[in-house]
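Chain by chain, the residues run as shown.
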Amino acid sequence: MTDMLVSRANLLKDFEVLFKTIPTNVPVVFHTDLAKIGVIDKFKRPNEMLQDFETLFDEVATGRPYLIPTFNYDFGSSNIFNLKKDLGQIGSLSKYYSKNYPYYRTQTPMFNFVIKNNSSGLFSLDTILNCFGDNSTFDTVRKAGGYIFMIGNTRNTYVHHVEEMFPIGYRYTKLFKGKVVLDCTEKFVTLEFRVRPMNGVIHYSEIDITDGIKEGVVKENKLGLTKVIWFKASEYYNFVQDRLRKDELYLLTQESQQSVRKLSSKVGYPFLIQNCE
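In this text, all values refer to a predicted model and were calculated from it rather than measured experimentally.

Further remarks concern the overall build of the protein chain. In terms of regular secondary structure, the protein chain is built from 11 helices and 11 strands. The C-alpha radius of gyration of the protein chain comes to 19 Å, within 12% of the 19 Å expected for a compact globule of 277 residues. Here the C-alpha coordinates of the protein chain stretch approximately 55 × 50 × 40 Å along the principal axes. Here the protein chain, with 277 residues, has 52% of them falling under the buried criterion.

Listed below in structure tokens is the structure:
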């Protein structure tokens, strides 16, 4: 079990290496798999171990805004997003932050974040119609010169912002109507984002990460017991946009590209909701 331990001092050193080239006033997004990073210093109760990571992120952020994804996908079926009850579903840290900081949480259903050090109001917490489009949280990170850190995983949700702004045609726009609830306040909203065709033809490769590393746009460093893949959001955005202009199916596996071409020959392209549902 001791092989799962990592010292806080060593983690701070790893972060120091990462952050030495990053301006002190730009936002950062931490997308984490805590089990791969390790347990800080010693085993404790689960909530105490999560508090250790919060304290760590508070320190390494050095006052800059930092974002923890607190995605919860229940809105698609329940039509309700309750900021206090619908906790993050993408790991223990996601759940922890959403439970402890509902008033720091963006109010966009499904793809939301807890944002600390946001006293300047750089990030709006209000509901955004399009999860990945103009003025979305993802868009603000890019325009503010922010960075994305994928710690222990390669789940790159940010790529959907790049796809939306292109825009790609292998996902189609769908509307989700419902309400956002915080305490006694209810707000009726219509959420819009691109979904995959229901027949499962869309599968992503990691070519954007591997090519990005080759081109120096995406970086890979040691962090604790795992690795962190990271990039400046605007540089990655420009890199993938350029690849999409050359081949719109660039991000997909070869098998998925073939499936998209086959489906498009039947229902047309770009895909539309009326042709795919």
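Assignment of secondary structure puts Asn-130 in the loop between strand S6 (113–116) and helix H6 (137–143). By relative accessible area, Asn-130 is classed as buried at 11%. Among the polar contacts listed, one links the side chain of Asn-130 to the backbone nitrogen of Phe-132, at a separation of 3.0 Å. Contact partners of Asn-130, with chain neighbours within four places excluded, come to Ser-136, Glu-164 and Glu-192.

Attention now moves to the environment of Thr-106. Tracing the backbone shows Thr-106 in the loop between helix H5 (92–100) and S6. Sequence separation between Thr-106 and Leu-83 is 23 residues, and the spatial gap between their C-alpha atoms is 8.7 Å. The contacts of Thr-106, once residues within four sequence positions are left out, are Phe-81, Leu-83, Asn-112, Phe-113, Ile-115, Ser-124, Leu-125 and Thr-137.

Contact pair helix H8 (residues 207–215) / helix H9 (residues 233–246): the axes reach a minimum separation of 11 Å and the direction vectors enclose 115°. Comparing the axis directions of H8 and H9 gives the class roughly perpendicular. In the crossing of H8 with H9, the sense of the turn from one axis to the other is right-handed. Across from Asp-208, Asp-211, Gly-212 and Glu-215 in H8, the residues of H9 making contact are Tyr-236, Phe-239, Val-240 and Arg-243.

Definitions and limits used
Residues numbered from 1 in each chain as written. Predicted model: local features only at pLDDT ≥ 70, side-chain atom pairs only at ≥ 80, totals over all residues. Heavy atoms only, no water. Helix = DSSP H or I, 4+ residues; strand = E, 2+ residues; numbered from the N terminus. Rg over C-alpha atoms; globule rule 2.2 N^0.38 Å. Buried < 20%, exposed > 50% of the residue type's maximum accessible area, 1.4 Å probe, protein only. Polar contact = N/O pair within 3.5 Å; in protein donor to acceptor, adjacent residues only side chain to side chain. Contact = heavy atoms within 4.5 Å. Axes fitted to C-alpha atoms, helices over the stretch in contact; angles between N-to-C directions. Parallel < 35°, antiparallel > 145°, perpendicular 65-115°, else oblique. Left-handed = near helix turned anticlockwise from the far one by under 90°.

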